[in-house]
Structures are given as structure tokens and as C-alpha cells.
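As a plain string of letters, each chain reads:
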Amino acid sequence: MEIRRKFSALLLLLSFVLALLPLSANRSFTVKPDKLLSEVLNEDVSFTVDQVAEFIVREDSTIQLIDLRSPEEFRKQTIPGAVNIPYHDLINTDPDIWLNNKNIRNIFYSNGNIEPDYALVYARGLGYTNSFVMAGGMTEWINTVIETKFEGDRITARENTLFEVRRRAGEMFTELNNLPDSLKTRFLESKKFSAKKLDGGCQ
Amino acid sequence: MKFLKQNWLVISIFLLVSLLVLIRTFSHKNFRYDAVKWAAPSALGTNILTEDQIPALSGDKLLINLGNKAISNQQFRDITLDINPESLLEKTNLKLIRRNKGPVILYSEESSVSARVWMVLSEMGLKNIYILSNDATINNR
């Protein structure tokens, strides 16, 4: 009887302690600060626009481009295969909806501002180590991939491959963004991010 | 007294758990609870400053140069520290930031470095941390 009473009191006290825990505890960074800092300052967390162009041309299914710009900007100009999750939405909703598939590398980009860098630290801090950024964002994409030009007399095999990837990615980009508004909206709607698609479970 | 003697086990467990919870919650070495709250200024853009806005800030200002970018305003040079971003979380550097009674302003020639460091410091519960920008793209939101 004595033991039972003590055990009950212990459980009661522990539940009291649990009640004091902040409700948002599940949305807190899980890694050590110094580990996270060295991780996000490492160059391995960035992809160049050329690497991203190659992923697009190869239709690599292990990457997910995440456009952090506003829906208006996204509708105006879109990189093929990207989904739109405005930065504000990313941090104000449960990121597990967007980033839960560990088999996919999520690559954040924006207009060349610092939002992808915030998103990178935020996502990695929450334990989504499959998060990356596209260096330079849309600005760099336009300058390097879309406005690519070969100048010179001779081209090496490596340069030729790079140029071909850029040309093909540029064509895909132009095709998508030149679609009439109605078709483009329908296309983007079909590409609209669906958490269910990534869950992989039965519905 | 009798109560304490009878329930010493329960009370000591309770105190231990409470202590651990408090350490975890208020520890300066770890990240704080509620990641959304600490990241909020980044979504609003209220953590970005230009050089012109610095004099209007109250308190002791501390500028941290995370790279090799030279600051144009001469008056800020005396309150600027050069710190390698990778060693920013070392005890002495962190102590300097925490003890500063006023805004801490991060800058670097690479705005991405300042942004990443800002998010780490902010999630550690450090308030009054800003990013210095003269670059139009940084405010392009």
C-alpha cells in the first residue's frame, strides 16, 4: 500500500513537470549549436546553379527544389520541377509536411536574397539534414543558365557538356514560363505541393 | 519534517527532474524552445539594418565582422570585432556577445554567412542581434 501511494505521488509529480514543459517543445532545434554552425558553414550544403540544371535535365527524382518566394513571383517565373513554399509559410507551419521525405534532397532558393540561408539553418536545426541551398538563387540561375553564351574559337569536351546542360535546362525553363497563363496555372496546380504524396502511406 | 522523511524518494526524484527540465530550458549552451518564435524576425525582415540606422539604436553597439568586409563609417571601427564565423561559438566570443548591453550587428562580404550565423545565435535565445546590409538583394523580400 505504501509503495503504491508513493508511486502514485511520483506519477502525479512527473505529470506536473510535464505540464510545465513548453507546448512548442517539438518545434525546437535538436542539434548542438556548434555542430549546426560548422555544418551550415560548410560548402557541402550548397549546390551551384549548374548542378541544379543538371538535376533538372536528368529529371533526378531525388531532389526537390523549394522556391521560397511569394506565390506571385513563383507564378511569374518558375524553375521546372520547383514547388512554392514561401519562407513565411515554411517557418509558420509544421515543416514536417514539406521536408519529411529523407530520401529527397530539399534545395531551397529565392531571388538571391538570404531567405534560403535562414531556411537552411532552420531546417537543419530541426533535424532535416537533407536540406541544401542553391547558391545565388533565381538571379544566378538567370545569369548563368538562361543567359549562357559560348564565346571563343574552341570548346573543350567538358565545356561542351556544361553548355549543353545549360541549354537544355534553359529550354525547359523557357517552355514552362512561356506557357499561356491558363496552362501554366494548371501545370503549377498539378505541381502544387501535396504532403500526402510524400507520406507514401495508404490513404 | 515527518513528511519529508516519509517521501524523500519521491521528492528527490521530483527535484532532480525539475532541475533537469530547468537546465534544458534555460541552458545557454543549447538552443531554446520554440524555434518559430526565435526565427520570426527573419520572416519580417526586422533583423536587417543599414549603416545609416546604426546610430539610432540604443545601448552599447557591437559590430562583428565575420569576413573581410571593411566598414565604410570610421566611427564604427572602434566597436568592431573581427571573429571567424566558425569560432563564434567559442566560450570567450559567446561571452562577449552575451555581455554586450545593446545591439550586436553581424556583417560579412557574404550575406549568406551573416544570415546563417544570425539564425544560429537567435535560436540560442540571443536577442538584439542584427545583420548589417548595404546590399539591395538582402532586403529583397
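Residues numbered from 1 in each chain as written. Chains lettered and ligands numbered in written order. Predicted model: local features only at pLDDT ≥ 70, side-chain atom pairs only at ≥ 80, totals over all residues.

### Things to note about the overall build of chain A
Part 1: A tally of regular secondary structure across chain A gives 11 helices and 5 strands.
Part 2: Burial status across chain A gives 32% buried among its 203 residues.
Part 3: Counting only contacts in chain A whose residues sit at least 6 apart along the sequence, the fraction spanning at least 24 positions is 74%. (Helix = DSSP H or I, 4+ residues; strand = E, 2+ residues; numbered from the N terminus. Buried ≥ 20, exposed ≤ 12 C-beta atoms within 10 Å, placed from the backbone. Contact = placed C-beta atoms within 7 Å.)

### Section: the sheet that holds strand β2 (residues 63–67) of chain A
Residue and element names in this part refer to chain A.
Part 1: Strand order in the open sheet made by the 5 strands is β1-β5-β4-β2-β3, with parallel pairing throughout. Because the sheet does not close on itself, it has two edges, and the strands there are β1 (46–47) and β3 (83–84).
Part 2: Note: strand β4 (residues 105–109) against strand β5 (residues 131–134), 3 bridges, orientation parallel. Its bridge partner being in β5, Ile107 is matched across the sheet by Phe132. (Pairing = 2+ DSSP bridges.)

### Re the domain arrangement of chain B
Part 1: Here chain B is partitioned into domain 1 (1–30) and domain 2 (35–139).
Part 2: For domain 1 of chain B and domain 2 of chain B, the distance between their C-alpha centroids amounts to 38 Å. (Domains from an automatic or database assignment.)

### Some points on the sheet that holds strand β2 (residues 62–65) of chain B
All names here are of chain B.
Part 1: The strand order β1-β5-β4-β2-β3 describes an open sheet built from 5 strands, whose pairing is parallel. Edge positions in the sheet fall to β1 (48–49) and β3 (80–82), since each of these pairs with one other strand and no more.
Part 2: Relative to strand β4 (residues 104–107), β2 is paired through 4 bridges, and the arrangement is parallel. Across the sheet, Leu62 pairs through a bridge with Val104, a residue of β4.

### Some words on the environment of Asp117 of chain A
Part 1: Note on placement: Asp117 of chain A falls in helix α7 (residues 115–125).
Part 2: With 109 residues separating them in the primary sequence, Asp117 of chain A and Ser8 of chain A have C-alpha atoms 49 Å apart.
Part 3: Here Asp117 of chain A is in contact with Val133 of chain A together with Ser112, Ala115 and Arg116 of chain B, once residues within four sequence places are set aside.

### Some details on the nonpolar core
A general tendency of soluble globular proteins is for nonpolar side chains to be buried together.
Part 1: Counting residues in hydrophobic clusters, the biggest one holds 70 residues, and the most contacted among them are Ile107, Tyr118, Ala119 and Tyr122 of chain A together with Leu106 of chain B.
Part 2: Look past the residues within four positions of Leu106 of chain B in its chain and what remains in contact with it is Ile64, Leu66, Ser114, Val117, Trp118, Ile129, Tyr130, Ile131 and Leu132 of chain B. (Core = buried A, V, L, I, M, F, W, Y, C linked by C-beta atoms within 7 Å.)

### A short note on unusual backbone geometry
Residue and element names in this part refer to chain B.
Part 1: Backbone geometry places Asp34, a non-glycine residue, at a positive phi of 70°.
Part 2: Along the chain, Asp34 falls in the loop between α2 (8–26) and α3 (35–44).
Part 3: Of note in this structure, Asn128 is not a glycine but carries a positive phi near 65°.
Part 4: When you line up the elements, Asn128 lands in the loop between α5 (111–123) and β5 (129–132).
Part 5: When the 18 C-beta atoms within 10 Å are taken as the criterion, Asn128 is described as partly exposed.

### What about the packing of α7 of chain A against α5 of chain B?
Part 1: Running from N to C, α7 of chain A and α5 of chain B point in directions that differ by 40°, and their axes come no closer than 8 Å. The orientation of α7 of chain A relative to α5 of chain B falls into the category oblique. Classified by chirality, the crossing of α5 of chain B by α7 of chain A is right-handed. Residues Asp117, Tyr118, Leu120, Val121, Tyr122 and Gly125 of chain A of α7 of chain A form the contact with α5 of chain B, whose own contacting residues are Ser112, Ala115, Arg116, Met119, Val120 and Glu123 of chain B.
Part 2: In the contact of α7 of chain A with α5 of chain B, the residues fall into 7 nonpolar, 2 polar and 3 charged. (Axes fitted to C-alpha atoms, helices over the stretch in contact; angles between N-to-C directions. Parallel < 35°, antiparallel > 145°, perpendicular 65-115°, else oblique. Left-handed = near helix turned anticlockwise from the far one by under 90°. Nonpolar A, V, L, I, M, F, W, Y, C, P; charged D, E, K, R; others polar.)

### Quick notes on helix α2 (residues 33–40) of chain A
Every α-helical turn comprises 3.6 residues, leaving residues that sit three or four positions apart pointing alike.
Part 1: By the burial criterion, the buried members of α2 of chain A are Pro33, Leu36, Leu37 and Val40 of chain A. One side of α2 of chain A carries all its buried residues, which in axial view fall inside an arc of 100°.
Part 2: In this structure, the buried residues of α2 of chain A make contact with α7 of chain A together with α5 of chain B. (Arc of directions from axis to C-beta.)

### Quick look at the interface of chain B and chain A
By a widespread convention, an interface's size corresponds to the accessible area lost as its parts come together.
Part 1: Contacts between the two partners involve 34 residues from chain B, matched on the other side by 37 residues from chain A.
Part 2: Among the secondary structure elements, those contributing two or more residues to the side of chain B that touches chain A are α2, α3 and α5 of chain B.
Part 3: The element contributing the most residues to the side of chain B that touches chain A is α5 of chain B, with 8 residues.
Part 4: For the side of chain B that touches chain A, a count of residues per class yields 21 nonpolar, 8 polar and 5 charged.

### Digging into the confidence of the model for chain A
Detailed reading of predicted coordinates is not advised where the pLDDT is low.
Residues and elements named next belong to chain A.
Part 1: Here chain A shows a mean pLDDT of 85. Residues at 70 or above account for 87%.
Part 2: Here helix α11 (residues 195–199) stands out as the element of chain A with the lowest mean pLDDT, 48, in contrast to β4, whose mean of 97 is the highest.
Part 3: Scored below 50 in pLDDT, residues 199–203 shows 1 contact in the model against residues more than four places distant or in partner chains. (pLDDT = per-residue confidence, 0-100.)

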